[in-house]
Amino acid sequence: MTAKELVLDFYKNDLLLRRSEVEPFLHDDLIIEWNSSKGFVQMKKQDVLNLTDELSKSYVRSKMRITHIIAEKNKVSIRYSHFVKTIENPREEMLLAHFFVIWEIQDDKLFRGYQMSQFS
């Protein structure tokens, strides 16, 4: 599997709501440096898995609308909008945020992520 295919598989619909499907994508030494409209956060593998658990408590559906993806060797850049459906209103899709991420792949897993986001 290429680095680009790996990243595309990671952003499949609903995957981020299922810990058992997220975990195989994550390198044990994963680090994400995330700049958001709320500030800077650094996350490790367990933090991402905890976030997945939290998302699954609030949302019944998760969809990424990818607008750009560029790959070069073991690095992949992706730009997407994240849409969700809440437990309270599963019929209405809402925009959660816009994201841009540069991923570094190592051992066929997500190793380093440099992410920026802006809430809708």
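Above this text is the structure in question.
Residues numbered from 1 in each chain as written. Predicted model: local features only at pLDDT ≥ 70, side-chain atom pairs only at ≥ 80, totals over all residues. Heavy atoms only, no water.

Enquirer: Looking at this structure, I do not really get the overall build of the protein. What am I missing?
Expert: For the protein, the count of helices and strands is three helices and six strands. For the protein, the sequential pattern of α-helices and β-strands runs α-α-β-β-α-β-β-β-β. Taking 120 residues into account, the globule formula puts the C-alpha radius of gyration at 14 Å, and the protein, at 14 Å, falls close to it. Each principal axis of the C-alpha atoms in the protein carries an extent, and together these give about 40 × 30 × 25 Å. Across the 120 residues in the protein, those meeting the buried criterion constitute 38%. The contacts in the protein between residues at least 6 apart in sequence include a share of 50% that link residues at least 24 apart. Accessible surface for the protein amounts to roughly 7200 Å². Of this, 50% is attributable to carbon and sulfur atoms. Averaging the coordinates of the 18 positive side-chain charges in the protein and doing the same for the 18 negative ones gives two points 5 Å apart. (Helix = DSSP H or I, 4+ residues; strand = E, 2+ residues; numbered from the N terminus. Rg over C-alpha atoms; globule rule 2.2 N^0.38 Å. Buried < 20%, exposed > 50% of the residue type's maximum accessible area, 1.4 Å probe, protein only. Contact = heavy atoms within 4.5 Å. Areas by Shrake-Rupley, 256 points an atom, 1.4 Å probe, with all protein chains shown as cover. Lys, Arg positive; Asp, Glu negative; His and termini not counted. Charge placed at Lys NZ, Arg CZ, Asp CG, Glu CD.)

Enquirer: Please clarify how the environment of Ser-81 should be interpreted in this entry.
Expert: Mapped onto the secondary structure, Ser-81 falls in strand β4 (residues 75–86). As a C-alpha pair, Ser-81 and Ala-71 span ten residues in sequence and 19 Å in three-dimensional space. With near-sequence residues (within four places) excluded, Ser-81 lies in contact with Lys-63, Met-64, Arg-65, Leu-95, Ala-97 and His-98. Here the side chain of Ser-81 touches His-98 through a polar contact of 2.8 Å, side chain to side chain. (Polar contact = N/O pair within 3.5 Å; in protein donor to acceptor, adjacent residues only side chain to side chain.)

Enquirer: How should the packing of aromatic side chains be read in this particular structure?
Expert: Two numbers describe a pair of aromatic rings. These are the distance of the centres and the angle of the planes. Within this structure, the stated rule accounts for six aromatic pairs. Seen from their ring centres, Phe-10 and Trp-103 are 6.3 Å apart, and the 80 degrees between their planes marks the pair as edge-to-face. Placement of Phe-10 in helix α1 (residues 3–10) and of Trp-103 in strand β5 (residues 93–106) is noted, with a sequence separation of 93 residues between them. Assessed through its relative accessible area of 5%, Phe-10 is described here as buried. Take Trp-103: its relative accessible area is 2%, and that puts it in the buried class. (Phe/Tyr/Trp six-rings, centres within 6.5 Å; stacked < 30°, edge-to-face > 60°.)

Enquirer: Which parts of the structure should I look at to understand the pattern of salt bridges?
Expert: Oppositely charged side chains can pair when the atoms bearing their charge come close. Tallying each qualifying case throughout the model produces seven salt bridges. Residues Asp-53 and Arg-19 are paired through a salt bridge, measuring 2.5 Å at the closest nitrogen-oxygen approach. Remark: Arg-19 occurs in helix α2 (residues 19–22) and Asp-53 occurs in helix α3 (residues 45–58); sequence separation between them is 34 residues. Exposure remark for Asp-53: the relative accessible area of 25% places this residue in the partly exposed category. The partner of Glu-93 in a salt bridge is Lys-63, with the nearest N and O atoms 3.8 Å apart. You can see Glu-93 sitting in strand β5 and its partner Lys-63 sitting in strand β3 (residues 59–72), a full 30 residues away along the chain. Connected through salt bridges with shared partners, the residues Lys-63, Arg-65 and Glu-93 form a single ionic network. (Salt bridge = Lys/Arg side-chain N within 4 Å of Asp/Glu carboxyl O.)

Enquirer: Help me understand the sheet that holds strand β2 (residues 39–44) in this model?
Expert: Hydrogen bonds between backbone groups are what pair the strands of a sheet, and the pairing can be parallel or antiparallel. Strands sit in the order β2-β1-β6-β5-β4-β3 across an open sheet of six strands; the sheet is mixed. If you trace the sheet from one side to the other, it starts and ends with β2 and β3, each paired once. Averaged over all pairs of adjacent strands, the angle between their axes in this sheet comes to 20 degrees, without regard to strand direction. Where strand β1 (residues 26–36) lies against strand β6 (residues 109–119), six bridges are found, and the strand directions are parallel. Residue pairing in the sheet places Leu-26 in a bridge with Leu-110 of β6. (Pairing = 2+ DSSP bridges. Axes fitted to C-alpha atoms, helices over the stretch in contact; angles between N-to-C directions.)

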